[in-house]
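Next come the chains, spelled out residue by residue.
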Amino acid sequence: VQLQASGGGLVQAGDSLRLSCAASRRTLSTYFMGWFRQAPGKERELVSAITWSGGETYSTDSVKGRFTISRDNAKNTVYLQMNSLKLEDTAVYYCAARRPSNYYSSRGARGYDFWGQGTQVTVSS
C-alpha cells in the first residue's frame, strides 16, 4: 500500500483544514487507518483512527470535538477534518494503515504497517 497525504498548510488559529490520505496499489477498504502527528522534539502521537468500515472512530482527548476522521472506501481515501485549529496542533501529520494481522496496539506507531510521507500543518496566532 502506498499512501499519499495532502492538505496541510499554514493557517491561523481558529481556522480549518481538511487532510486527505489517498492510497494507491491496493484498496484501503480492509485496513484500519490512523492519523498521527509529530511536533518538533516530541514523539509521534495518534490523533484519530477509524475502522475499515468507518463504523467506529477514535480521537485523542486534545482534538475531540474539533477533529473528525472519516473515510470513503470507494475513493480509497481517508480524511481528517480539523476545525478550530490551535497553535499546539502545529505538527507534521501522517496517515497510516494497519494490517489486520498487526497485533500491536492501534494506539501506537508500531500498530501500523504503512505510512504516508507526512504533510505539514502550521497554525499561527
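Refer to the structure printed above.
Presented here is a report on the structure given in the accompanying data block. (Residues numbered from 1 in each chain as written. Predicted model: local features only at pLDDT ≥ 70, side-chain atom pairs only at ≥ 80, totals over all residues. Heavy atoms only, no water.)

**With respect to the overall build of the protein chain**
Spelled out, the test is: In this text, helices come from DSSP runs of H or I with a minimum length of four residues, and strands from runs of E with a minimum of two, each type numbered from the N-terminal end. Residue burial is assigned from relative accessible area. The probe radius is 1.4 Å, only protein chains are included, and a residue is buried under 20% of its type maximum, exposed over 50%, and partly exposed in between. Should any heavy atoms of two residues lie within 4.5 Å, those residues are counted as being in contact. Values of accessible area rely on a 1.4 Å probe in the Shrake-Rupley scheme; residue burial ignores everything except the protein chains shown. Counting rule applied: Lys, Arg positive; Asp, Glu negative; His and chain ends not counted. The atoms used to mark charge sites are NZ of Lys, CZ of Arg, CG of Asp and CD of Glu.
Within the protein chain one finds zero helices and 11 strands. Going from N to C terminus, the protein chain has its helices and strands arranged as β-β-β-β-β-β-β-β-β-β-β. Along the first, second and third principal axes, the C-alpha atoms of the protein chain reach 40 × 30 × 25 Å. For the protein chain, with 125 residues in total, the buried portion stands at 42%. Of the contacts formed within the protein chain by residues at least 6 apart in sequence, a portion of 55% connects residues at least 24 apart. On the protein chain, roughly 6600 Å² of surface is accessible, and the fraction owed to carbon and sulfur atoms is 46%. Positive and negative side-chain charges of the protein chain, numbering 15 and 9 respectively, have mean locations separated by a distance of 7 Å.

**Section: the sheet that holds strand E3 (residues 17–24)**
Paired through backbone hydrogen bonds, the strands of a sheet run either parallel or antiparallel to each other. Convention followed: A pair of strands is treated as paired once DSSP finds two or more bridges between them. Orientation is described by axes fitted as lines to C-alpha atoms, over the contacting stretch for helices, and by angles from 0 to 180 degrees between their N-to-C directions.
Taken together, four strands build an open sheet; the order of strands is E1-E3-E8-E7 and the sheet is antiparallel. One side of each edge strand has no neighbouring strand; the edge strands of this open sheet are strand E1 (2–6) and strand E7 (67–72). Across the sheet, the axes of successive neighbouring strands diverge by a mean angle of 15°, strand direction being ignored. In this sheet, E3 lies alongside E1 in antiparallel orientation, the contact comprising five bridges. Of the residues in E3, the one forming a bridge with Leu-3 is Ala-23.

**Looking at the pairing of strand E11 (residues 119–124)**
Burial of E11 is one-sided: the residues Thr-119, Val-121 and Val-123 facing one way are buried, the residues Gln-120, Thr-122 and Ser-124 facing the other way are not. Alignment of strand E2 (residues 9–12) against E11, held across four bridges, turns out to be parallel. Bridge pairing in E11 places Gln-12 opposite Ser-124. As defined by bridge partners, strand E9 (residues 91–98) adjoins E11 across three bridges and the pair is classed as antiparallel. When the sheet's bridge partners are listed, Val-92 is paired in E11 with Gln-120.

**With respect to the nonpolar core**
As a reminder of what qualifies: In these notes, a set of buried Ala, Val, Leu, Ile, Met, Phe, Trp, Tyr and Cys residues joined through side-chain atoms within 4.5 Å is what counts as a nonpolar core.
Of all hydrophobic cores here, the largest spans 28 residues; its most connected members are Leu-3, Met-33, Trp-35, Leu-80, Met-82 and Tyr-93. Counting only elements with at least two residues in this core, the list comes to E1, E3, strand E4 (32–38), strand E5 (45–50), E7, strand E8 (77–82), E9 and E11. Apart from the residues lying within four places of it in its own chain, the contact partners of Leu-80 are Leu-17, Arg-18, Leu-19, Trp-35, Val-47, Ser-48, Phe-67, Thr-68, Ile-69 and Tyr-93. Counting residues in hydrophobic clusters, the runner-up holds five residues, among them Phe-36, Leu-46, Ala-49 and Tyr-112.

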